Every structure is written in structure tokens, then in C-alpha cells.
Amino acid sequence: MSEWERARAKSGASGVGLRAPHELELMRDAGRIVCEVLDVLEEACAPGISTLELDRLAHDETLKRKAKPAFKGYLGFPCSLCASVNDEVVHGIPKKERVLKEGDLMKLDFGVSFKGWFGDSARTVPVGKVSADAMRVLQVTRESLRRGIAAARAGARIGDIGHAVQSYVEGQGCSVVTDLTGHGIGKKLHEEPRVPNTGRPNTGLLLEPGMTLAIEPMVNAGSAKVMELDDEWTIVTMDHALSAHFEHTIAVTDGEPEILTVASR
Ligand code: MG
Ligand code: MG
């Protein structure tokens, strides 16, 4: 059997990879490690720590668990952690001089590979006491992810996920970043399909049991418009309003979607 035929045999009608039970087991391991490292990082997010120190912690905690940081070197990204603060949406590069202070809204985005399988997750963490506006965009984003995941059921379509996220977020008076999307994940960090955070019900790819997706709403308190900084990585809101980000790697199943990036099951 050729490589192509092997890939095809493992894929659904869409050509998107479907995971066998033993593969899902490995993705659960990768996901558990991602969650454990994020737990350590979240705990460490306090005034006075630099984003470079958080990156070092992410790196060390990953190696301790016999996994590899997924982002380091990916398309040339220099670090293990994406660390984005306040109006930075995603892909912030950890820096020695970027020291967290009381009131910052911190986004930790982190992934690993373990035995060849990937996990990817993000969370937004308040540093000390944050403003009511910051807490609100955090909560809206977290709830939009919960709704997006709930929509990821076999027989539904990819547009149902985006619709669940978008309708909730916009109903709360926030905006959804559309320049970046979620993605399939498995043997690679980013695989087909794209998983937009906007969409119309019952449109797009049919979801099948065994699909593994990273769903990751990026939500702005102001306008949806974003731009890239001169470092060619960091994405910031155009109006410099606050942004939040949550992400889980999930598996589509015959029943409830399964979140893979969790600590215990
Ligand atoms: Mg991520
Ligand atoms: Mg991702």
C-alpha cells in the first residue's frame, strides 16, 4: 500500500484524518501533558515574572514529562510558549524585559508532541486583580469555547462550531478575530481542516467520529481587526483593546465531544 493509500484508508470521506482508539490514547497523553504544564504556568503568572521565565518553565516542565515543546522552531518561532499580554492576541514572543504586572491579561498558548502526537491548548489568566472589562472578555471567550466544543458532534458541520462561537460572542458585545482560526491536529500541530470561529449553521465539512480538532476562539473587547507587529509574529488588536484566547484539543466521538487537553479523566 502506498503512503497515500495508507493515509486515505485512515481518513474519512473528507480526507481529514480519523484517529484509531490507540492513537486517541496517545493524544490523551499529549493533551494531559499540555494541561499539566499550563497548570504550572498559570500558577506562576504573578506580578514580577517575565514572559521569558514562563517560557523557560514551559520548556523544563515539558522535558520532565518526556515530551517535546511543539512550538519551538515551528516555522521559525523561537520559544516553547506563546505569551501574549493585554492587546496582544496571539503569538507573543517571550522576552526577558516583558515583566508581568498587576492587572495584566495574560494569554498562555502552549503545545507539545508526545510519541509523535500533538496537543495544543490556550488559556487566559488574570495577573493579580484585573479590571471588570478584562474579566468580562476572559469569561466571554471561555464560554464561547465551551459552546464551540459542544457543537463539535458527529453529524454536525464545521460551520456549526463557528456559529456557536460567533453568535454567543457577538451577543455579548465582543468581536471574534477572523484572521486566525482553529485547526485539525494529530501527527502534526496544524492539519486540515481549518476551524473558523465564525460560520453559518449546517455548512462546511461534516464532522465524523475520530476527528481531532483544536478549537480556539480569539475574542476582542473592541473591534475584530488585528495586525502583526514588526517582529513578524505578535498579533495585536488594531484599536489596542483587550483580547482573550482559550483553546482545547478535542476529539469528535459518537456521543459528547471529548476534551483531550485536560489533566484527569
Ligand atoms: Mg495553541
Ligand atoms: Mg492551535
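Residues numbered from 1 in each chain as written. Chains lettered and ligands numbered in written order. Predicted model: local features only at pLDDT ≥ 70, side-chain atom pairs only at ≥ 80, totals over all residues. Heavy atoms only, no water.

## Focus on the coordination of the magnesium ion (ligand 2)
Donor atoms from the polypeptide that bind the magnesium ion (ligand 2) are Asp-120 (OD), His-183 (NE2), Glu-216 (OE) and Glu-247 (OE), placed at 2.1 to 2.2 Å. The motif formed by the donor residues of the magnesium ion (ligand 2), counted along the single chain, is D-x62-H-x32-E-x30-E. Taken as a pair, the magnesium ion (ligand 2) and the magnesium ion (ligand 1) show a spacing of 3.1 Å, with Asp-120 coordinating each metal. One end of the pair, Glu-216, is in the loop between β9 (212–215) and β10 (218–220); the other, Glu-247, is in the loop between β13 (243–245) and β14 (248–251), and 31 residues separate them in sequence. (Donors = N, O, S within 2.8 Å, 3.2 Å for Na, K, Ca; no water. Helix = DSSP H or I, 4+ residues; strand = E, 2+ residues; numbered from the N terminus.)

## Some remarks on the side chain of Arg-28
Residue placement: Arg-28 occurs in helix α2 (residues 21–44). The exposure class of Arg-28 is buried, given its relative accessible area of 16%. One polar contact links Arg-28 to Glu-25, side chain to side chain, over a distance of 2.7 Å. (Buried < 20%, exposed > 50% of the residue type's maximum accessible area, 1.4 Å probe, protein only. Polar contact = N/O pair within 3.5 Å; in protein donor to acceptor, adjacent residues only side chain to side chain.)

## Some words on the sheet that holds strand β11 (residues 226–228)
Pairing between the strands of a sheet comes from backbone hydrogen bonds, and it takes one of two forms, parallel or antiparallel. The 3 strands are arranged β3-β12-β11 in an open sheet whose pairing can be described as antiparallel. Whereas interior strands pair on both sides, the edge strands pair on one side only; in this sheet they are β3 (88–90) and β11. Recorded for the sheet is a direction-independent mean angle of 40° between the axes of neighbouring strands. Sheet topology note: the β11/strand β12 (residues 235–237) ladder contains 3 bridges and is antiparallel. Bridging across to β12, Glu-228 finds its partner in Ile-235. (Pairing = 2+ DSSP bridges. Axes fitted to C-alpha atoms, helices over the stretch in contact; angles between N-to-C directions.)

## Focus: the environment of Ser-264
Here Ser-264 lies in the segment after β15 (258–259). Spatially, the C-alpha atoms of Ser-264 and Val-16 are 28 Å apart, while their sequence positions differ by 248 residues.

## Focus: the packing of aromatic side chains
All chains considered together, the criterion is met by 1 aromatic pair. Taken together, a centroid distance of 5.0 Å and an interplanar angle of 85° make the contact between Phe-77 and Trp-233 edge-to-face. Of this pair, Phe-77 sits in the loop between β1 (68–69) and β2 (81–85) while Trp-233 sits in the loop between β11 and β12, and the two are 156 residues apart along the sequence. The class for Phe-77 is buried, based on a relative accessible area of 3%. (Phe/Tyr/Trp six-rings, centres within 6.5 Å; stacked < 30°, edge-to-face > 60°.)

## Some details on the packing of α2 against helix α3 (residues 51–64)
At a minimum axis distance of 9 Å, the contact between α2 and α3 shows a crossing angle of 150°. Comparing their axes, α3 and α2 come out roughly antiparallel. As for how α2 packs across α3, the hand of that crossing is right-handed. Residues Val-37, Val-40, Leu-41 and Ala-44 of α2 lie in contact with α3, whose contacting residues are Leu-54, Leu-57, Ala-58, Glu-61 and Thr-62. Classifying every residue of the contact of α2 with α3 by side-chain character gives 7 nonpolar, 1 polar and 1 charged. (Parallel < 35°, antiparallel > 145°, perpendicular 65-115°, else oblique. Left-handed = near helix turned anticlockwise from the far one by under 90°. Contact = heavy atoms within 4.5 Å. Nonpolar A, V, L, I, M, F, W, Y, C, P; charged D, E, K, R; others polar.)

## Section: the confidence of the model for the chain
Summarising the model, the chain shows a mean pLDDT of 95, and 95% of its residues fall at 70 or more. In the predicted structure, residues 4–8 sits below a pLDDT of 50 and forms 4 contacts with residues beyond four places in sequence or in another chain. (pLDDT = per-residue confidence, 0-100.)

## Remarks on the state of the cysteines
Taken as a whole, this structure holds 0 disulfides when the rule is applied. We note that Cys-45 lacks a disulfide partner, and the nearest cysteine sulfur, in Cys-82, lies 14 Å from it. Cys-79 takes part in no disulfide bond, and the closest cysteine sulfur to it belongs to Cys-82, at a distance of 8.6 Å. (Disulfide = S-S within 2.5 Å.)

## Remarks on α3
Here α3 spans 20 Å end to end across 14 residues, near enough to the 20 Å set by a 1.5 Å rise per residue. Of all the residues in α3, the buried ones are Thr-51, Leu-54, Asp-55, Ala-58, His-59, Glu-61 and Thr-62. In this structure, the buried side of α3 is in contact with α2, β1, β2 and β4 (105–114). (Expected span 1.5 Å × (residues − 1).)

## Re helix α4 (residues 132–150)
The first and last C-alpha atoms of α4 sit 27 Å apart over 19 residues, in line with the 27 Å expected at 1.5 Å per residue. Taken residue by residue, α4 has Ala-134, Val-137, Leu-138, Val-140, Thr-141, Glu-143, Ser-144, Leu-145, Gly-148 and Ile-149 as its buried positions.

## Notes on the sheet that holds strand β6 (residues 175–176)
Strand order in the open sheet formed by 3 strands is β6-β10-β13, and the pairing between neighbours is antiparallel. Each edge of the open sheet carries a strand with a single partner, namely β6 and β13. Bridging between β6 and β10 involves 2 bridges; their strand directions are antiparallel. Bridge pairing in β10 links Ser-175 to Asn-220.

## Some words on the nonpolar core
Counting residues in each nonpolar core, the largest one holds 29 residues, and the members touching the most others are Ile-161, Val-169, Leu-207, Leu-213, Ile-215 and Ile-250. Those elements that place two or more of their residues in this core are α4, α5 (158–171) and β9. Not counting chain neighbours up to four residues away, the residues in contact with Leu-213 comprise Ile-161, His-183, Gly-184, Ile-185, Pro-193, Val-195, Leu-207, His-248, Thr-249, Ile-250 and Val-252. (Core = buried A, V, L, I, M, F, W, Y, C linked by side-chain atoms within 4.5 Å.)

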